[in-house]
Amino acid sequence: RKGAPTLIMDNMYASSHAYETEGKSLTTCETFQLVGFGLAHQIIFVALFAEVGYGRELFRAAEPIAGDAYVVGTAGVGVFLCLYMLDAAFWTRCYKFLAIVLATIGLALVLIALVLVQVYYSTLPFAAYFLGMPCVYFMIRRTGLAHVQLFRFLKTCSYPLMVGGIATVMGWVIWVAMTGSTFSEETRDEYASLFNCKVSFDNQCLSAAVRYFAPLCGGIFNVFFGFGCFSVAWGTTPEERAAGDAPEGATAGGSEEGSIKKKAKLHVVMRLLLISLVLIAAGALAHNNVQGSSPAAAYAALFLSLAGLIVLSSVAAHIVGAESLREKIRNTPLARSIISSIASSDVFKAIMLLGGWFPLGVFFTLTAFKQRLRVAIWLKPGKDEYISTEGTLVVRRSDTFTAAAQGVWDQLRKWEWTMVLTKLIWVGIVINVLSITSSLLPVFVAWIRRAVIAASFPVWAVVLIVTFVGFILFMLPPVPGAGIYYMAPVILTQVMEFSVAIAVSIGVSFFLKLAALVIQQKVIGEGLGSLVSVRSLARVNSVHTRAVREVLSAPGWTRGKVAILIGGPDWPTSVLTGILRLNVFSMMLGTTPIIVIIAAFVVNGAYLTVREANETTGIIYNISLAVALSVGIG
């Protein structure tokens, strides 16, 4: 009935659904291989690209042959592109082994290219590692270990990732302590000379910072990645895991057990998606907060949060499949409301377009070629549609793109593009204002510091100046609160004893935060709250805003209340409490735990001024920066 080419393609693309539902355990050999890979890629990363390993020597050795990086990298990417265009994820039998061999060759070529291309783009290997490792694990799962139950696969992956990540971070800290190699200006200039990077006010040589902090960033990334796998693996109850050990429908109670397992997975997935959204928001906030103290660390925080977003989203989508995930989202009231807002808001569309225009272009281009290739392979002359036996592959001659891309394209065609592009311009203006404010704030603080020292003001006058200027800055919506917390120690350490300056700076910054909260709530928020247009903009009668009011109205300290008051941006959060007519004393009480965050930023700002004094202060500065970054993200 079918010709030889069609029979061959049927064998290649037989559905892997049977392998997915067998739910087997890992063999001893597979366990050792997975654990060995989890540790090996971390060791290789540190050995090849970090100063602790052979990063410097490898960089110099790669310089003479760096020109071949583009050819080698193009070949590696071409191998993966061919596998994607030919739907290698559906290959089985001997073709599955062929896909693994080709993927291994492609991965090797890409790794060689990354080693060579660091001569021109020294940060690219790190970006590829952070974004590529989740994809590698995904490919291992889909190609080589599809027969293994997902719970067991993720559990086995999590241990070497977390152990190796913790060991990497501890090793880097020990290396810094033993060698006294702090990231001082001298160290930065040495790295900049190695990478042919000229340091200036506009160019702080991010390549040097990335190479120095590579083990720290890599270790933190792997710890979070491993913890994400561990959370998913153990996010169900023992009964739900027991139900997952058996194939769905394998017993009389199979359908019930399968339903339990599916609900458990969906529950974990929704938590992962919410965590991923919070993570990217926290990374952006941390980037804005510590940019004045360390631009390199600020960009590292933003990059790690983006990597975490991709990791968690990929894991979430893979656990239950796209269709089940869409069904769960459609049935969740909060998600339904958010999707409805995005679908009707031109601002959200503008933000999506701003960040995704290039990936979307690549996506549509590839899927268009892939669709033409599918039509040529699967559709016989005179046939307009092909559906595989299991329904996993659908090919229609009339479609320009693949089924997934066609749905995205149809949605984009319904947009009001004139309004979307107008909002895109305004979004760009807002982003530029925030970026310029973050960059100018350190310059402004440095000018005040120099002026105060030159004028020889008494200590009490300097404290009053810092308090007054800090209060004015708090009233400006674009100014981040962390920048103000840095200002006090940077100035006060010049006019009083170091430890006393830290204590006074913490007190002044805490007072400024509470004073700004009162003014923003009682004067600005309650004043604007009387306007119908403002209350409509704040959507005071929506379910979400009523939920926020209910959480913030709780007496004392609750996790939700503290999370909103401290985790939210300073100016909008305080103004919203005024619009909602909440009790100001209750808001002040709920805000008091912020003193821990203030102390972290103040200590880091104080040691920023003396980090060049000796090795000890440099090490303390690095540690305090890590702590400030952690509490900023947390």
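Residues numbered from 1 in each chain as written. Predicted model: local features only at pLDDT ≥ 70, side-chain atom pairs only at ≥ 80, totals over all residues. Heavy atoms only, no water.

Draft legend 1. Up close: the side chain of histidine 41. Take histidine 41: it is sitting in helix H3 (residues 28-49). Among the polar contacts listed, one links the side chain of histidine 41 to the backbone oxygen of glycine 38, at a separation of 3.3 Å. When residues no more than four places from it in sequence are discounted, the contact partners of histidine 41 are Tyr129, Met133, Tyr137, Leu161 and Asn222. (Helix = DSSP H or I, 4+ residues; strand = E, 2+ residues; numbered from the N terminus. Polar contact = N/O pair within 3.5 Å; in protein donor to acceptor, adjacent residues only side chain to side chain. Contact = heavy atoms within 4.5 Å.)

Draft legend 2. Main features of the confidence of the model for the protein. Mean pLDDT over the protein stands at 74; residues scoring 70 or higher make up 70%. Ignoring residues within four places in sequence, the model shows residues 243-255, a span with pLDDT below 50, making 14 contacts including any to other chains. (pLDDT = per-residue confidence, 0-100.)

Draft legend 3. Quick look at the packing of aromatic side chains. Applying the stated rule across the entire model yields 18 aromatic pairs. Relative to phenylalanine 225, the ring of tyrosine 137 has its centre 5.5 Å away and its plane inclined at 85°; by these criteria the two rings are edge-to-face. A residue pair is termed long-range when its members are at least 10 positions apart, and tyrosine 137 in helix H7 (residues 124-144) and phenylalanine 225 in helix H11 (residues 214-233) qualify at 88 residues. Pair check on accessibility: tyrosine 137 and phenylalanine 225 agree, each one buried. Pairing phenylalanine 221 with phenylalanine 225 gives two aromatic rings, centres 6.0 Å apart and planes at 35°, and the pair type is tilted. Here phenylalanine 225 and phenylalanine 221 lie together in helix H11, a separation of four residues that amounts to about one turn. (Phe/Tyr/Trp six-rings, centres within 6.5 Å; stacked < 30°, edge-to-face > 60°. Buried < 20%, exposed > 50% of the residue type's maximum accessible area, 1.4 Å probe, protein only.)

Draft legend 4. Spatial organisation of unusual backbone geometry. Despite not being glycine, serine 456 has its phi angle at roughly 55°, a positive value. Within the secondary structure, serine 456 is located in the loop between helix H19 (417-455) and helix H20 (459-474). Phi is positive for arginine 581, close to 60°, though the residue is something other than glycine. Looking at the element boundaries, arginine 581 is found in the loop between helix H26 (570-579) and helix H27 (584-591). Its relative accessible area of 46% is what places arginine 581 among the partly exposed residues.

Draft legend 5. Fine view of the environment of arginine 397. Mapped onto the elements, arginine 397 comes out in the loop between strand E2 (394-396) and helix H18 (403-413). The exposure class of arginine 397 is partly exposed, given its relative accessible area of 33%. Along the chain, arginine 397 and tryptophan 378 lie 19 residues apart, while their C-alpha atoms are 9.9 Å from each other. Each residue touching arginine 397, except ones within four places of it in the same chain, is listed here: Arg372, Val375, Leu379, Lys380, Gly382, Lys383 and Asp384.

Draft legend 6. Representation of helix H8 (residues 150-179). Taking 1.5 Å as the rise per residue, H8 with 30 residues should run 44 Å; its terminal C-alpha atoms sit 43 Å apart, in good agreement. Of the residues trailing H8, glycine 180 is marked for its positive phi of about 65°. (Expected span 1.5 Å × (residues − 1).)

Draft legend 7. Examining the environment of tryptophan 378 more closely. Its location among the elements puts tryptophan 378 in helix H17 (residues 346-378). With a relative accessible area of 8%, tryptophan 378 lands in the buried category.

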